[in-house]
Amino acid sequence: MLRLYDTATSDVRDFVPLRDGEASLYVCGLTVQSEPHVGHVRSAVNFDVLQRWLRYRGYRVTFIRNLTDIDDKILIKSAEQGRDWYNLAYEMHRQLDRAYADLNVARPTYEPIATGHIPEMIELISELVERGHAYPAADGSGDVYFDVRSWPAYGELSHQGIEDMEAAADADPRGKRDPRDFALWKGWKQDSEPATAAWPSPWGRGRPGWHIECSAMAGKYLGPAFDIHGGGLDLRFPHHENEQAQARAAGRPFASYWMHNAWITTSGEKMSKSLGNSLLIPAVLERFRGIELRYYLVAAHYRSHVEFSFEALAEAATGFGRLESFLERAADVLGEIPAGGEPNDVFVAALDDDLGTPAAMAAIHDLVREGNRLLPEGAGAELRRVAGSVRAMLAILGLDPADPAWGPGTGGDEKLTAAVDVLVRGLLDQRAAARAAKDWASADAIRDQIQAAGIEIEDTPDGPKWSI
RNA sequence: GGUGGGUUGGCCGAGAGGCGAGGCAACGGACUGCAAAUCCGUGUACACGGGUUCAAAUCCCGUACCCACCUCCA
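I will try to describe carefully the structure that is included in this document. (Residues numbered from 1 in each chain as written. Chains lettered and ligands numbered in written order. Predicted model: local features only at pLDDT ≥ 70, side-chain atom pairs only at ≥ 80, totals over all residues. Heavy atoms only, no water.)

**A look at unusual backbone geometry**
Then, in step 1: Residue Pro-238 is reached from Phe-237 by a cis peptide bond, and omega for that bond is 0°.
Then, in step 2: Mapped onto the secondary structure, Pro-238 falls in helix H6 (residues 236-249).
Then, in step 3: A positive phi is found at Asn-104, a non-glycine position, where the angle reads about 60°.
Then, in step 4: Within the element layout of this structure, Asn-104 appears in the loop between helix H3 (85-102) and helix H4 (118-130).
Then, in step 5: Here Asn-104 falls in the buried class, since its relative accessible area comes to 7%.
Then, in step 6: For His-159, which is not glycine, the phi dihedral falls at a positive 55°. (Helix = DSSP H or I, 4+ residues; strand = E, 2+ residues; numbered from the N terminus. Buried < 20%, exposed > 50% of the residue type's maximum accessible area, 1.4 Å probe, protein only.)

**Things to note about empty space enclosed by the protein**
Over the atoms rolls a probe the size of a water molecule, and its path tells where empty space is left.
Then, in step 1: Taken as a whole and assessed by the stated rule, the structure comprises one cavity of 30 Å³ or more.
Then, in step 2: What lines the largest cavity is Asn-46, Val-49, Val-298, Ala-300, His-301, Tyr-302, Leu-355 and Thr-357. (1 Å grid on protein atoms, 1.4 Å probe; cavity = no way out; pocket = protein on both sides within 12 Å on 5 of 7 lines; lining within 4 Å. Points joined across faces, edges and corners; volume = space filled by probe spheres on them.)

**Things to note about the pairing of strand E7 (residues 182-187)**
Then, in step 1: With five of its six residues buried, E7 lies for the most part within the structure.
Then, in step 2: Summarising the sheet, strand E6 (residues 144-146) and E7 pair through three bridges and their orientation is antiparallel. In the sheet register, Tyr-145 faces E7, and the bridge partner there is Ala-183.
Then, in step 3: Two elements, E7 and strand E8 (residues 206-208), share three bridges in a ladder whose sense is antiparallel. (Pairing = 2+ DSSP bridges.)

**Points about the side chain of His-239**
Then, in step 1: Residue placement: His-239 occurs in helix H6.
Then, in step 2: Residue His-239 is classed as buried on the basis of its relative accessible area, which comes to 1%.
Then, in step 3: Contacts of His-239, omitting those with residues within four sequence positions, involve Cys-28, Trp-210, His-211 and Cys-214. (Contact = heavy atoms within 4.5 Å.)

**Topic: the nonpolar core**
Then, in step 1: With 112 residues, the main nonpolar core has Leu-54, Phe-326, Phe-347 and Ile-364 as its most contacted residues.
Then, in step 2: In terms of residues, this core owes the most to one element, helix H9 (residues 310-334), which gives ten residues.
Then, in step 3: Formed jointly, this core draws a minimum of three residues from each of two domains, domain 1 (15-266) and domain 2 (308-406).
Then, in step 4: Each residue touching Phe-347, except ones within four places of it in the same chain, is listed here: Trp-53, Ala-360, Ala-363, Ile-364, Met-393, Ile-396 and Leu-397.
Then, in step 5: If you look at the next biggest cluster of nonpolar residues, it comprises 14 residues, including Tyr-26, Ile-64, Cys-214 and Phe-226. (Core = buried A, V, L, I, M, F, W, Y, C linked by side-chain atoms within 4.5 Å. Domains from an automatic or database assignment.)

**A look at helix H13 (residues 414-436)**
Then, in step 1: Across its 23 residues, H13 extends 32 Å between first and last C-alpha, which sits within 8% of the 33 Å expected from 1.5 Å per residue.
Then, in step 2: Of all the positions in H13, only Val-424, Leu-428, Arg-431 and Ala-434 are classed as buried.
Then, in step 3: Buried residues along H13 sit against helix H14 (440-452), strand E14 (456-460) and strand E15 (463-467).
Then, in step 4: Phi turns positive one or two residues past the end of H13, at Lys-438, with a value near 55°. (Expected span 1.5 Å × (residues − 1).)

Such coordinate-based values are descriptive only and should not be taken to indicate function.
Here it is as structure tokens:
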């Protein structure tokens, strides 16, 4: 039985989907305003693991992960950079896709984009106005606000009372009835905003407020009620609170479970505040492989804060190398690691318990130790079973080294590998000769020389092997 | 002011009343000409002060420090 932590109820609950055998999932993706960093990607990886686990558990999964391509920041940044807002959003969108691909984040069922769903948003806003939960601003700005006071349940998701909330510092009262009312629609500011960022609506030209898009798109693709809504912890309030208020005020039950992933911090601070270029995905991938970064992210529980450091990432990479080298050696012995292996019970129980990836990882390491013990005995049913199981478990976490998603093997270019092999073989033959003559000094000198080139030598019963 | 989270061994990171998750590093042993890899073994860890209990890292009370959200944010 899968159990998940639900932010709304603050506890771990059995996962009971609305429709038997199906799971519908909506995750807030990014606002494409700047390059993706490690923190952004953590969220994607966490929910990717959820998606994969639900699939493994036999659910037919509909997974919607949106993208916000219009908002204040995109307009401001693009203006600063002297280019069109949609050009900036498009470029960042492509960079994000690239980062997802580099980390083997599986594609969702669909990735709707905010500007492609203006009619759905207008429809929802109209409904809210009709029901008396929203009103056009009295100041003629063309804004439309959600009336927080008209919805007594407001604050239920983040467990806050309206009265206890600090009024927004920028609470430029404008045409708001209550400072906590939030914008569903923003009237076009002709003097400062491009005409391309304004769409026609019953309230005049303008653009959507931030929260409405998710309610509208979730409704379109998943229906008025769906199973799980996810996102980063900071979205809990106001974004998710507002999404839920809008949807429910319009008579839609909305999400049954709310899941939020925790932060990656650097020097104890949230990444967005202390972001250096070194933490952007392309920069990290210059130093580590995508699969190593993914291992690092998956090894921590999704609700735990992670203090990012390259030292910890390096340790993780070493730890992953242990798993990978077992699989490589097992493949040498078995010819091939069988696909379609089964994860063991410990692993299954771990992931069923609110996606306990740390315990799941421990299960893999334990099994690898068992496999390493079996290795000297050569090919056997037991080794086959263990290796297949290890591979299956890694695959569920999106960490199967043999997954073509990781691109060509770590050896890189085949021609290059063949060329290096010839050269290294030559040296290894010389070393073998020296060893046969018990000329240890020469033998070790050759090994040192090869290692200095970044190539590791491993002496096995079948003779020496090299790897980069 | 309100809401939520954290503080675990040299390090990273799980767990959530009784049996020391796992990884990295270290040390000892096996293997090796020596290494590497692998295997076996080695650690009296739970911020502090009280309390509850036969038993507390885990529950309760208090203290300290850190962080997040309440404003755009994965």
